[in-house]
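Geometric and topological summary
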Amino acid sequence: MNRTGRILLVTALVAVVAMAFRVSWNALRDIANAIGADHTAATLYPFVVDGLMALALVATLVLAGRDRTFGLRVLGTYTIASLVLNYVHGLVPELHGRTVDWGRLADWDPANWALVLLATSLPVGSIYFGSDLVAKVLHHRPAPTPTPVANAEELTETMSNRSTADLAESTPAPVVVAPVRIPDPVAVEFVKSTLPLKPVPTALAPTVAPAIERHAVAAESTRPRRATGRVPEVARSSRPRRTPDQLLAEARTVTADWPDARLTAEGIRLAVHTSPKNARTLRETLRAERDGTVKAG
């Protein structure tokens, strides 16, 4: 629909709503007088009911989702309430001439109580529901509209009309690369290359460098050396120092049932608790005894 049609449609809607509001004016004003409203309140009462209906209609057009459903419910509720009050106004002729008793909208008491409750609760509901609808409209953020692509239909039609043959022609043909012959390997002797020496001027007589004497220097250690000195008697081992014969006798006793493969210096050292040097000596002696070259003494 073009802009002119929309303007005419909105104008017609406003005219119909205005006429309907005027028709409902007398009924709602007389209902307000019957429930105890003064002249000013009775004059404003139709705006409370029918005005909220117009507000709910506008909010329904703006909102979306659950908020729109809420606006439709408010619009439907107040529409039914206005219809009921207009119907009661038509059934009770005394309301037209204001000769009805105060607070009496029906002869049957339960119906009268329900009608009075309905008429008096509509202004309070208008404040609550109207404020809620206005807050929803002010905080509403419409979803972004996707930007249409220019010539989208032409592009789609062009892509659909392309055939397989066209796609094949657009594909470049494979390039055939000619094989390149690699030259035959040449045997090269692996001889250490020598760099050309820098020429030395002949005018200067060669000087003989003094011979450098080599001395044995102890290796320096980066770790700090611990203090050395006489070991106190308390720190010394309480075990007496054994003689070579005692070590040999003890080694014979320990290794008597050992096989030859087990007879190693490390095994003897751990069994006899001696130094590696003594363990090697004991190993050679015990092996020689087992070979029969030395008799056990």
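If you're wondering where the values come from, they're calculated on a predicted model, not measured in any experiment.

Turning our attention to the overall build of the chain. Counting secondary structure elements, the chain contains 10 helices and zero strands. Along the chain, helices and strands appear, N-terminal first, in the series α-α-α-α-α-α-α-α-α-α. Across the 297 residues of the chain, 19% fall into the buried class. Put simply, of all contacts in the chain between residues at least 6 apart along the chain, 63% involve residues at least 24 apart. Surface exposure of the chain reaches about 24,400 Å², of which carbon and sulfur atoms provide 63%.

Every buried residue of helix 9 (residues 265-272) is accounted for by Ala265, Ile268 and Val272. Taken end-on, helix 9 shows its buried residues confined to a sector of 65 degrees, consistent with a single buried face. Buried residues along helix 9 sit against helix 8 (244-254) and helix 10 (276-291).

Before going further, it helps to spend a moment on the packing of aromatic side chains. Tallied over the entire structure, the rule returns five aromatic pairs. Residues Phe21 and Phe47 carry aromatic rings whose centres are separated by 5.1 Å and whose planes lie at 50 degrees to one another, so their mutual orientation is tilted. Taken as a pair, Phe21 in helix 1 (residues 3-34) and Phe47 in helix 2 (residues 39-62) lie far apart in primary sequence, 26 residues in all. A residue is classified by how much of its surface remains accessible, and Phe47, at 45% relative accessible area, is partly exposed. Taken together, a centroid distance of 5.1 Å and an interplanar angle of 75 degrees make the contact between Tyr128 and Phe129 edge-to-face. The exposure class of Phe129 is partly exposed, given its relative accessible area of 27%. Through successive ring pairs, a cluster of aromatic residues spans Phe21, Trp25 and Phe47. Its guanidinium or amino end placed over the ring of Phe70, Lys136 lies 5.5 Å from that ring's centre, counting from NZ or CZ. The ring of Trp258 carries Arg262 above its face, with NZ or CZ at 4.3 Å from the centroid.

A separate point is the nonpolar core. Side chains of a nonpolar character, in soluble globular proteins, are inclined to be buried together. Judged by nonpolar contacts, the single largest core of 27 residues is most densely connected at Ile31, Tyr45, Tyr78, Leu85, Leu105 and Leu122. Counting residues per element, the ones that place at least two in this core are helix 1, helix 2, helix 3 (66-91) and helix 5 (109-138). Sorting elements by how many residues they give to this core places helix 2 first, with seven residues. Those residues in contact with Ile31, other than ones at most four positions away along the chain, are Leu85, Val88, Leu95, Leu105 and Ala119. Ranked by size, the runner-up nonpolar core spans nine residues in total, among them Leu248, Leu263, Ile268 and Leu282.

Interhelical geometry of helix 8 versus helix 10 gives an angle of 60 degrees and a closest axis separation of 10 Å. When the axis of helix 8 is compared with that of helix 10, the two are oblique. Along this stretch, helix 8 crosses helix 10, giving a crossing that reads as right-handed. Contacts between helix 8 and helix 10 involve Leu247, Leu248, Ala251 and Arg252 from the former and Asn278, Leu282, Thr285, Leu286 and Glu289 from the latter. Taken together, the residues of the contact of helix 8 with helix 10 break down into five nonpolar, two polar and two charged.

On to the pattern of salt bridges. Tallied over the full model, the rule gives eight salt bridges. In this structure, Arg29 and Asp30 form a salt bridge, with 3.9 Å as the shortest nitrogen-oxygen distance. What makes Arg29 partly exposed here is its relative accessible area of 25%. The class for Asp30 is buried, based on a relative accessible area of 7%. The residue Glu250 makes a salt bridge to Arg242 at a minimum N-O spacing of 2.6 Å. A cluster of three or more residues bridged by salt bridges with shared partners is formed by Asp67, Asp132 and Lys136.

Moving on to the confidence of the model for the chain. Per-residue confidence for the chain averages 77 on the pLDDT scale, and 64% of its residues sit at or above 70. Within the chain, helix 7 (residues 164-170) has the poorest average pLDDT of any element, 50, and helix 3 the best, 92.

Angle between the axes and distance between the axes are the two parameters that describe a pair of packed helices. Close contact between helix 9 and helix 10 brings their axes to 8 Å; oriented N to C, the two are set at 115 degrees. Here helix 9 lies roughly perpendicular to helix 10, going by the angle between them. Crossing geometry of helix 9 relative to helix 10 is assigned as right-handed. In contact with Ala265, Ile268 and Arg269 of helix 9, helix 10 contributes Pro276, Ala279, Arg280, Leu282, Arg283 and Leu286. Partitioning the contact of helix 9 with helix 10 into residue classes produces six nonpolar, no polar and three charged.

The rules behind the values
- Residues numbered from 1 in each chain as written.
- Predicted model: local features only at pLDDT ≥ 70, side-chain atom pairs only at ≥ 80, totals over all residues.
- Heavy atoms only, no water.
- Helix = DSSP H or I, 4+ residues; strand = E, 2+ residues; numbered from the N terminus.
- Buried < 20%, exposed > 50% of the residue type's maximum accessible area, 1.4 Å probe, protein only.
- Contact = heavy atoms within 4.5 Å.
- Areas by Shrake-Rupley, 256 points an atom, 1.4 Å probe, with all protein chains shown as cover.
- Arc of directions from axis to C-beta.
- Phe/Tyr/Trp six-rings, centres within 6.5 Å; stacked < 30°, edge-to-face > 60°.
- Lys NZ or Arg CZ within 6 Å of the ring centre and 35° of its normal.
- Core = buried A, V, L, I, M, F, W, Y, C linked by side-chain atoms within 4.5 Å.
- Axes fitted to C-alpha atoms, helices over the stretch in contact; angles between N-to-C directions.
- Parallel < 35°, antiparallel > 145°, perpendicular 65-115°, else oblique.
- Left-handed = near helix turned anticlockwise from the far one by under 90°.
- Nonpolar A, V, L, I, M, F, W, Y, C, P; charged D, E, K, R; others polar.
- Salt bridge = Lys/Arg side-chain N within 4 Å of Asp/Glu carboxyl O.
- pLDDT = per-residue confidence, 0-100.

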